[in-house]
Amino acid sequence: MWSVLLFGLAGLLVGGALSFRKQGLPNWTWIAFGVLAAAALVAAYLLTLPSA
């Protein structure tokens, strides 16, 4: 359940990063959104792994 929400959040963050880049905002804004999206994807993947 949480992994699905994190995948959705990652999608929204990637969309925001692309939008900010297209609008010409400072580089740190869309890079930060990209990093947060990557972190959300990693967290979602780790939640899908079977627990030992």
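The shown structure was predicted, so the numbers you read here are calculated from the model rather than taken from an experiment. Numbers given for residues are sequential positions, taken from 1 along each chain in its written order. Given that this is a predicted model, residues contribute local features only at a pLDDT of at least 70 and side-chain atom pairs are listed and counted only at 80 or more, while totals for whole chains, interfaces and linings are drawn from all residues. Values reported for side chains reflect all heavy atoms of the structure, with hydrogen atoms and water molecules removed beforehand.

### Some words on the overall build of the chain
Inclusion rule: Labels follow the DSSP assignment, with helices taken as runs of H or I lasting at least four residues and strands as runs of E lasting at least two, numbered in each case from the N terminus. This radius of gyration counts C-alpha atoms alone. The globule rule is 2.2 Å times how many residues there are, raised to the power 0.38. The cut-offs for exposure are 20% and 50% of the maximum accessible area for each residue type, with area from a 1.4 Å probe on protein chains only; residues under the lower value are buried, those over the upper are exposed, and the others partly exposed. Here the Shrake-Rupley method, with its probe set to 1.4 Å, supplies the accessible areas, and only the displayed protein chains count as covering residues.
Helices and strands together make up the secondary structure of the chain, namely two helices and zero strands. Here the chain has a C-alpha radius of gyration of 13 Å; the compact-globule value for 52 residues is 10 Å, and the former is much larger. In terms of overall dimensions, the chain has C-alpha extents of about 45 × 15 × 10 Å along its principal axes. Taken across its 52 residues, the chain has 17% of its residues classed as buried. Surface summary for the chain: the accessible area is close to 4,000 Å², and the carbon and sulfur share equals 76%.

### Overview of the UniProt feature "transmembrane region" (unreviewed entry) in the chain
Condition: UniProt positions are given in the numbering used here, feature names are shortened, and annotations may be inferred rather than shown by experiment.
The positions that UniProt labels "transmembrane region" (unreviewed entry) are, in the present scheme, residues 29-49. Between the C-alpha atoms that bound residues 29-49 there is a distance of 31 Å. The span itself is 95% helix and 0% strand.

### Focus on the side chain of Ser3
Rule in force here: Only heavy atoms enter the contact rule, under which two residues are in contact if any of them lie within 4.5 Å.
Turning to its location among the elements, Ser3 is positioned in helix α1 (residues 2-23). If sequence neighbours within four positions are ignored, Ser3 has contacts with Ala44, Leu47 and Thr48.

### Digging into a nonpolar patch on the surface
The following threshold applies: Without a salt bridge and with relative accessible area above 30%, a residue can belong to a patch; like charges are then joined within 9 Å and nonpolar side chains (Val, Leu, Ile, Met, Phe, Trp, Tyr) within 5 Å. Salt bridge, as used here: a side-chain nitrogen of Lys or Arg that lies within 4 Å of a carboxyl oxygen of Asp or Glu.
A surface patch of nonpolar side chains, about 530 Å² in accessible area, is lined by Met1, Trp2, Leu5 and Leu47. Within the fold, Leu5 resides in helix α1.

### Details of the packing of α1 against helix α2 (residues 27-48)
Worth spelling out the cut-off: Only C-alpha atoms enter the line fits that serve as axes; for helices the fit covers just the stretch in contact. Angles between N-to-C directions range over 0 to 180 degrees. Roughly parallel refers to an angle under 35 degrees, roughly antiparallel to one over 145, roughly perpendicular to one between 65 and 115, and oblique to any angle outside these ranges. The handedness criterion is simple: a crossing whose near helix is rotated anticlockwise from the far helix by less than a right angle is left-handed, and one whose near helix is rotated clockwise is right-handed.
One way to put it is that α1 packs onto α2 with a least axis distance of 8 Å and a crossing angle of 165°. In this view, α1 runs roughly antiparallel relative to α2, as classed from their interaxial angle. The element α1 and its partner α2 pack so that their crossing is left-handed. Residues Trp2, Ser3, Leu6, Phe7, Ala10, Leu13, Val14, Gly16, Ala17, Phe20 and Arg21 of α1 lie in contact with α2, whose contacting residues are Thr29, Trp30, Phe33, Gly34, Leu36, Ala37, Ala40, Leu41, Ala43, Ala44, Leu47 and Thr48.

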